Amino acid sequence: MSVSSQSYTFEPHPHHPLFTTVKRYWKSDSPNLNDSSALTLVLTHGTGFHKEQWEPMIDELYLLLDSTGGYLKIREIWSIDAPNHGDAGVLNENLLVTDNDVCMYAYTLTELSLNLSQFFLAAWDEYGRAIHTFLTSLGPAIDVDFNARRLVGIGHSVGATCL
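Residues numbered from 1 in each chain as written. Predicted model: local features only at pLDDT ≥ 70, side-chain atom pairs only at ≥ 80, totals over all residues. Heavy atoms only, no water.

### Quick notes on the confidence of the model for the chain
In step 1: Averaged over the chain, the pLDDT score is 83; the fraction of residues at 70 or greater is 80%.
In step 2: Put simply, helix α3 (residues 109-114) is where the chain has its lowest mean pLDDT, 47, and strand β3 (residues 39-44) is where it has its highest, 98.
In step 3: Here residues 99-122 is a poorly scored stretch, pLDDT under 50, and it has 28 contacts once near neighbours within four places are set aside; other chains count. (pLDDT = per-residue confidence, 0-100. Helix = DSSP H or I, 4+ residues; strand = E, 2+ residues; numbered from the N terminus. Contact = heavy atoms within 4.5 Å.)

In structure tokens, the structure reads:
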């Protein structure tokens, strides 16, 4: 059976004042969906990418798991957009502004060189905060308690740093 997916958007709230967008992937015929010993993967992307960058790897991983007879048990996979990338970047466009009115994800090279340290500290600090907030609180649109899951974080580039 093919991999199913569902996208979620979390509204800003006091602990994280930005939109967070995530995507869940699973196989509905998997015997591991309710297995508390199975792993839940959390994927984060690098600069310039978005949560869907992982989809070819997710498809290949599930094919590999199907061919190995359950050697590794995956319950489900979650991928999270940085607040200034992908769907979250679009939703947060008017919220992601520095003191100089330079949007954190849409900038010119000159603006970037003038605000480099401020840009990266703010952008990636917020990604780490988005990941933490998502994994430690039950949002209104999701009924998963990640505290009860066996989590494995996998990040690409700065996404690994933010984990």
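### Side note on the pairing of strand β2 (residues 20-26)
In step 1: Taking burial as the measure, the seven residues of β2 include seven buried ones, the bulk of the element.
In step 2: Because side chains alternate across β2, one face comprises the buried residues T20, V22, R24 and W26, and the other comprises T21, K23 and Y25, equally buried.
In step 3: One ladder, built from seven bridges, connects strand β1 (residues 4-10) with β2; its direction is antiparallel. Bridging across to β2, S5 finds its partner in Y25. (Buried < 20%, exposed > 50% of the residue type's maximum accessible area, 1.4 Å probe, protein only. Pairing = 2+ DSSP bridges.)

### A look at the environment of I74
In step 1: On the secondary structure map, I74 appears in strand β4 (residues 74-80).
In step 2: Sequence separation of I74 and S30 is 44 residues, and the distance between their C-alpha atoms is 8.7 Å.

### As for the packing of aromatic side chains
In step 1: If you walk through the whole model with that rule in mind, you get six aromatic pairs.
In step 2: Here the aromatic rings of Y8 and F10 are separated by 6.4 Å at their centres, their planes lie at 15 degrees, and the arrangement is stacked. Both residues of the pair, Y8 and F10, count as buried.
In step 3: Here W78 and F146 contribute two aromatic rings whose centre-to-centre distance is 5.5 Å and whose plane-to-plane angle is 80 degrees, an arrangement assigned as edge-to-face. Taken together, the residues W78 in strand β4 and F146 in the loop between α4 (116-136) and β5 (150-155) connect sequence positions 68 residues apart.
In step 4: Every member of this aromatic cluster is reached through a ring pair, and the members are Y8, F10, W78, F134 and F146.
In step 5: The aromatic ring of W26 is capped on one face by R24, whose charged end is 4.0 Å from the ring centroid. (Phe/Tyr/Trp six-rings, centres within 6.5 Å; stacked < 30°, edge-to-face > 60°. Lys NZ or Arg CZ within 6 Å of the ring centre and 35° of its normal.)

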